[in-house]
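Summary of the model geometry
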Amino acid sequence: MSKQLRTLRSAQPSNRNPADEAFSKLRSEMVERAIAARGVRSKQVLSAMRNVPREAFLPHQLREFAYSDCPLPIEEGQTISQPYIVAFMTEALALEGGERVLEIGTGSGYAAAILAEIAGDVYTVERIGQLAEKAAATLADLGYDNVHVLHGDGTKGWPDHAPYDGIIVAAGGPKIPETLKKQLKIGGRLVIPVGNDPKIQELVRVTRISENEYRREDLADVRFVPLIGHEGWVPSDHRPTVAPSRPDGCDRRRGSRRRRRLRNRASRRRSALPRHHRRRRA
Ligand code: SAM
């Protein structure tokens, strides 16, 4: 039932127009303000974040929010991850350039494009067929011919191209899938959100030390949509993921008074917590 989708280049990126210029300026500002200033140091990751047009991965009506550092709703009730968390997870993979990387949870294709700016080849798996199709088309239009998209259950990895230097999982599972650990090269790194609650996880990095040894490091508290599949949650384990129809919390100008009040209250509560209890959102 797995199906690989074509990401061959179908169009050359068009000449830049004033809207592209405006997005590019917003993108640079966001990278400085929300990513570099918050501790992401890798030059390659920062450069990738400056290059990839996030607006191209969003539904048209949400493009204006592309450079608010927030997760946003995409089709099929899923989300495009927050740019900061994409940068943080990519940096945690410690790529140097030219590697073979597996991503689970293609979603819009945005994080795959960030990885493709650094890695040699990116293999990305998405369980929802419509998302896989759309992401493959967007990546092709932008000329990312080193990204390969598969429609299937990513908890089974993509054995045909294993072993991988890095594996990144963009959805939270109840445990670290053994299949993914086995698809790592010795020395390779797996970055994945895990936790008993389908909505709250610990972001973990697993490094394969030898054939049967792995080292685990806890990196941050995060919130991701559930990883559903053979070594993830079964569909009945979690409530349907309903992404907000508006990018709540992203645009201060447009929020209703009530939303602003709720947001401010949540933010006051968060800042009252010790730092390590504040959650990063996917
Ligand atoms: N990386 C994405 C982006 O940049 O837009 C965001 C991914 S979104 C937070 C998580 C994605 O994981 C969803 O599209 C969801 O359908 C997908 N997903 C959940 N379980 C999966 C599985 N077992 N295999 C593949 N994809 C899965």
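Residues numbered from 1 in each chain as written. Predicted model: local features only at pLDDT ≥ 70, side-chain atom pairs only at ≥ 80, totals over all residues.

Topic: the pairing of strand β9 (residues 200-208)
The sheet contact formed by strand β8 (residues 184-197) and β9 spans seven bridges and is antiparallel. Pairing of V194 across the sheet is with E202, part of β9. What sits between the antiparallel neighbours β8 and β9 is a turn of two residues. The pairing of β9 with strand β10 (residues 214-223) spans eight bridges and is antiparallel. Paired with V204 across the two strands is D218, which belongs to β10. Between the end of β9 and the start of β10, which pair antiparallel, lie five residues. (Pairing = 2+ DSSP bridges. Helix = DSSP H or I, 4+ residues; strand = E, 2+ residues; numbered from the N terminus.)

Side note on unusual backbone geometry
A cis amide bond, omega 5 degrees, links A162 with the succeeding residue P163. In this structure, E76 is a non-glycine residue whose phi angle is positive, near 60 degrees. What makes E76 partly exposed here is the crowd of 15 C-beta atoms within 10 Å. Positive phi, normally seen in glycine, also occurs at A94, with a value near 55 degrees. Residue placement: A94 occurs in the loop between α3 (83-92) and β4 (100-104). Owing to 14 C-beta atoms within 10 Å, A94 belongs among the partly exposed residues under this scheme. (Buried ≥ 20, exposed ≤ 12 C-beta atoms within 10 Å, placed from the backbone.)

These figures capture arrangement, not role.
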